[in-house]
Amino acid sequence: MAELTDALREEISAIASGGVFPVWFLIGAALVFFMQGGFAMVETGFTRAKNAGNIIMKNLMDFCIGTVCFVFLGFSLMCAEDYAFGFIGVPNLGIFTDFANFDFSGFVFNLVFCATAATIVSGAMAERTKFSAYCLYSAVISLVVYPIEAGWVWNSQGWLFTRGYIDFAGSSAIHMVGGITSFIGAAILGPRIGKYVKDKKTGKKTSRAIPGHSITLGALGCFILWFGWYGFNGAAAGDATQLGSIFLTTTVAPGVATVVTMCFTWIKNGKPDVSMSLNGALAGLVAITAPCANVNALGALIIGAVAGILVVVAVEVIDFKCHVDDPVGAIAVHGVNGIWGTIAAGLFAASVPDGKGGFTEATGLLYGGGFAQLGTQIIGVIAIAAWTIVTMTIVFKIIKSVNGLRVTPEEEIMGLDGPEHGLPSAYGGFLFAPEEFTYESAAVAAVAAAAPTVPADVAIPVKDVSTGDKTKLTKVSIVTNQNKFAGLQTALDKIGITGLTITNVLGYGMQKGHTEVYRGVPIETKLLPKIQVDIVVSKVPVDALVKTAKEALYTGNVGDGKIFIYDVENVIKVRTGEEGYDALQDE
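Now for a look at the structure at hand. These figures come from a predicted structure and were not determined experimentally.

## Quick look at the overall build of the protein chain
Here comes step 1: Looking only at helices and strands, one finds 19 helices and ten strands in the protein chain.
Here comes step 2: Classification of the 587 residues of the protein chain by burial places 49% in the buried group.
Here comes step 3: Of all intrachain contacts in the protein chain linking residues separated by at least 6 positions in sequence, the fraction that spans at least 24 positions is 76%.
Here comes step 4: A total accessible area of about 26600 Å² is found for the protein chain, and carbon and sulfur atoms account for 64% of it.

## Side note on unusual backbone geometry
Here comes step 1: Positive phi values are uncommon outside glycine, yet leucine 93 reaches one of about 50°.
Here comes step 2: When you line up the elements, leucine 93 lands in the loop between β2 (88-89) and α3 (94-97).
Here comes step 3: According to the relative accessible area criterion, leucine 93 is partly exposed, its value standing at 34%.
Here comes step 4: Positioned with a positive phi, histidine 323 is a non-glycine residue whose angle comes to about 55°.

## Structural notes on the pattern of salt bridges
Here comes step 1: Inspection of every chain in the model, using the stated rule, returns twelve salt bridges.
Here comes step 2: With its nearest N and O atoms 3.7 Å apart, the salt bridge here joins glutamate 43 to lysine 58. Pair noted here: glutamate 43 is in helix α1 (residues 2-45) and lysine 58 is in helix α2 (residues 52-79), with a separation of 15 residues, a long-range link.
Here comes step 3: Salt-bridge contacts for lysine 484 lead to aspartate 560; the nearest nitrogen and oxygen are separated by 3.8 Å. One end of the pair, lysine 484, is in the loop between β5 (473-481) and α17 (485-494); the other, aspartate 560, is in the loop between α18 (542-553) and β10 (562-568), and 76 residues separate them in sequence.
Here comes step 4: With a relative accessible area of 10%, lysine 484 lands in the buried category.
Here comes step 5: With a relative accessible area of 14%, aspartate 560 lands in the buried category.
Here comes step 6: A cluster of three or more residues bridged by salt bridges with shared partners is formed by Arg48, Glu127, Arg192 and Asp325.

## Focus on helix α10 (residues 274-289)
Two residues of an α-helix separated by three or four positions point the same way, owing to the 3.6 residues in each turn.
Here comes step 1: Counted at 1.5 Å a residue, the expected span for α10 with its 16 residues is 22 Å, and the 23 Å between its end C-alpha atoms agrees.
Here comes step 2: The element α10 is extensively covered by neighbouring structure, given that 14 of its 16 residues are classed as buried.

## Here we look at empty space enclosed by the protein
Here comes step 1: Inspection of the entire model under this criterion finds one cavity of 30 Å³ or more.
Here comes step 2: If you add up the space inside the largest cavity, you get close to 130 Å³.
Here comes step 3: Around the largest cavity, the lining is made up of 15 residues, and of these Phe39, Val42, Val328, Ala330 and His334 lie nearest the centre.
Here comes step 4: Residue assignment for the lining of the largest cavity shows that the elements contributing at least two residues are α1, α4 (104-124), α10 and α12 (330-348).
Here comes step 5: Of the residues assigned to the lining of the largest cavity, the class counts are eight nonpolar, six polar and one charged.

## Section: the packing of aromatic side chains
Here comes step 1: Under the counting rule described, the total for this entry stands at 22 aromatic pairs.
Here comes step 2: Each ring, one from phenylalanine 70 and one from phenylalanine 75, has its centre 5.9 Å from the other, and the planes form 70°; the classification is edge-to-face.
Here comes step 3: Overall, the relative accessible area of 0% leaves phenylalanine 70 in the buried class.
Here comes step 4: We classify phenylalanine 75 as buried; its relative accessible area is 10%.
Here comes step 5: An angle of 80° between the planes, with centres 5.1 Å apart, marks the rings of tyrosine 134 and tyrosine 137 as edge-to-face. Of this pair, tyrosine 134 and tyrosine 137 are both found in helix α5 (residues 131-154), three residues apart, which corresponds to roughly one turn of the helix.

## Here we look at the nonpolar core
Here comes step 1: Counting residues in hydrophobic clusters, the biggest one holds 104 residues, and the most contacted among them are Tyr137 and Tyr146.
Here comes step 2: The element that contributes the greatest number of residues to this core is α4, accounting for twelve residues.
Here comes step 3: Counting residues in hydrophobic clusters, the runner-up holds 18 residues, among them Phe485, Ala491, Ala552 and Leu553.

## Quick look at the pairing of β5
Here comes step 1: Where burial is concerned, most of β5 is hidden: eight out of the nine residues are buried.
Here comes step 2: Two elements, β5 and β10, share seven bridges in a ladder whose sense is antiparallel. When the bridges of β10 are listed, isoleucine 478 appears paired with isoleucine 563.

## Some points on the environment of cysteine 79
Here comes step 1: Mapping cysteine 79 onto the fold places it in helix α2.
Here comes step 2: Distance from cysteine 79 to tryptophan 152, taken between C-alpha atoms, is 9.7 Å for residues 73 residues apart in sequence.

## Things to note about the layout of surface pockets
Here comes step 1: Considering only enclosed or pocket space, the second largest pocket measures out at about 1400 Å³ in volume.
Here comes step 2: Sorting the residues of the lining of the second largest pocket by element identifies α2, α3, α4, α5 and α8 (215-234) as the ones contributing at least two each.
Here comes step 3: Here the lining of the second largest pocket takes five residues from α2, the largest share from any one element.
Here comes step 4: Of the residues that constitute the lining of the second largest pocket, the class distribution is 21 nonpolar, 18 polar and eight charged.

## Regarding the packing of α4 against helix α7 (residues 171-189)
Here comes step 1: The interhelical angle for the contact between α4 and α7, taken along N-to-C directions, is 30°, at an axis separation of 8 Å. In terms of axis orientation, α4 runs roughly parallel to α7. Crossing of α4 against α7: the hand is right-handed. Residue-level contacts link Phe113, Thr116, Ala117, Ile120, Val121 and Ala124 of α4 to Ile174, His175, Gly178, Gly179, Thr181, Ser182 and Ala186 of α7.
Here comes step 2: Tallied by class, the residues present in the contact of α4 with α7 amount to seven nonpolar, six polar and no charged.

## Details of the side chain of glutamine 373
Here comes step 1: Note that glutamine 373 resides in helix α13 (residues 372-402).
Here comes step 2: Here glutamine 373 falls in the buried class, since its relative accessible area comes to 10%.
Here comes step 3: Beyond its immediate sequence surroundings of up to four residues, glutamine 373 is in contact with Gly164, Tyr165, Ile166, Ala345, Gly346 and Thr363.

## Remarks on α17
Here comes step 1: For α17, the buried fraction is high: eight of the ten residues fall into the buried class.
Here comes step 2: Positive phi appears at glycine 496, one or two residues downstream of α17, with a value of about 95°.

## What about the environment of alanine 118?
Here comes step 1: Checked against the element boundaries, alanine 118 lands in helix α4.
Here comes step 2: We classify alanine 118 as buried; its relative accessible area is 0%.
Here comes step 3: Taking the C-alpha atoms as reference points, alanine 118 and threonine 181, separated by 63 residues in sequence, lie 9.1 Å from one another.
Here comes step 4: If near-sequence neighbours (up to four positions away) are discounted, alanine 118 is found in contact with Asp62, Tyr134, Ser138, Ile141 and Ser142.

Rules of the game
- Residues numbered from 1 in each chain as written.
- Predicted model: local features only at pLDDT ≥ 70, side-chain atom pairs only at ≥ 80, totals over all residues.
- Heavy atoms only, no water.
- Helix = DSSP H or I, 4+ residues; strand = E, 2+ residues; numbered from the N terminus.
- Buried < 20%, exposed > 50% of the residue type's maximum accessible area, 1.4 Å probe, protein only.
- Contact = heavy atoms within 4.5 Å.
- Areas by Shrake-Rupley, 256 points an atom, 1.4 Å probe, with all protein chains shown as cover.
- Salt bridge = Lys/Arg side-chain N within 4 Å of Asp/Glu carboxyl O.
- Expected span 1.5 Å × (residues − 1).
- 1 Å grid on protein atoms, 1.4 Å probe; cavity = no way out; pocket = protein on both sides within 12 Å on 5 of 7 lines; lining within 4 Å.
- Points joined across faces, edges and corners; volume = space filled by probe spheres on them.
- Nonpolar A, V, L, I, M, F, W, Y, C, P; charged D, E, K, R; others polar.
- Phe/Tyr/Trp six-rings, centres within 6.5 Å; stacked < 30°, edge-to-face > 60°.
- Core = buried A, V, L, I, M, F, W, Y, C linked by side-chain atoms within 4.5 Å.
- Pairing = 2+ DSSP bridges.
- Axes fitted to C-alpha atoms, helices over the stretch in contact; angles between N-to-C directions.
- Parallel < 35°, antiparallel > 145°, perpendicular 65-115°, else oblique.
- Left-handed = near helix turned anticlockwise from the far one by under 90°.

Right, here's the structure in full:
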């Protein structure tokens, strides 16, 4: 049996030396590229349907913009042989000047990793970021931020590389950088409208859940990412033995992390949390990325277990304590667990296959290696974090001042698909329920205050339809765009309207002067999602209701809506048997 095993190893080694592993290197790069689809699905599923088109567009463009930036500057800064002071590469544009001798495989491999660093940020800043702002900061990440710090880690002349820093596939160089950038961007950008509300009793901010529209898409994205991660971690393996070891750790860590997250949320909340368990799997993958080639199965198990708890705690601290709105958990998954995975390499680095037919030295603190490796890991984390914090804070501040980071409140409530891309919906033919906003939300009040009001010189006639008879019952039906609901709801609440019936409807008609295009072809008629708000009143004067509704809805543009008024013969409250005026009154 031993002879057979030795023979098999010799055969595998011969095949590898014959060119199989250079091909696997490129296959691994292709798997990493496929992870873009996984990120797109996770982000889309964990956010609302009205932004799906915008999110798909961002995940497409961060790779494409990153390619342009990496071609002209990024690759040279990271991988140039002329590397200044162990800090930065000298741009020589060898891809254009000496293409025949250029490192084609290295370029493609490093490009797909660069795109991953940029796409992480998209999820944390989703649903309220200008598309133009996203393109700008994504370009900067790919142009200089990632290439410089990644050169420290992976260029053979980089100052962290020469110190023996362990980050085999990028827990710090990619994921931590993406997570820290996400935190800075989301903090400067501010939370989504309605995310945080003030508690009436304590006056403190409380977090409000804004569920994503498709847990199915989120799960699909998670599976795609896990599949692609075998290339992410394993593409740089030196031989089949090391590749097998990496595949093992890349399977054990996320598997354990997911189980731990499921059990932790089950105990904590009474039921296992689906979306958090998906985040747990990704957290385990992020944590094992740095030490995947330097730890054994026991190390991978412990790293995954810690990641499974850490992701839940970090999500809640970032949300409940820091009040930084991260719709997909990118900061906790990539930032916090990127740090953990990198430091874990200094704790658990064991004697494992080195990719050259031998074994690495056990340098981890818990394997007798002392504090040297752990110290190097901590220094690297601090240096990369400092570089990211300084550069990306400056970048976001400049973009905010010059271009603007955030869309208008009205555009945010409407969803970014329409205002940013002229896309009526990413789900043609489907209707989605109008969003509910908490009255106490200062953000919603700001939206209502910022909404266009009736100009002083524009007279809106209001017919007096009240009779002064408190027994008269009137039904008022308002049909308007879904994005108007928050402002209308707040305005009606102020005049004492406490009972609303909301119905999703479709509006059909020609919108003159407001033609959208799809693939260059004008859309002349279309069905648009609208809401119908039905109110039956007796105590509140109808003319006051109509005036309030008009002021809340008026913009002067097509689509402000229509108001219908009907007489009602009677109203009966089923529970008490009360009728008419009495049936409409709150107890």
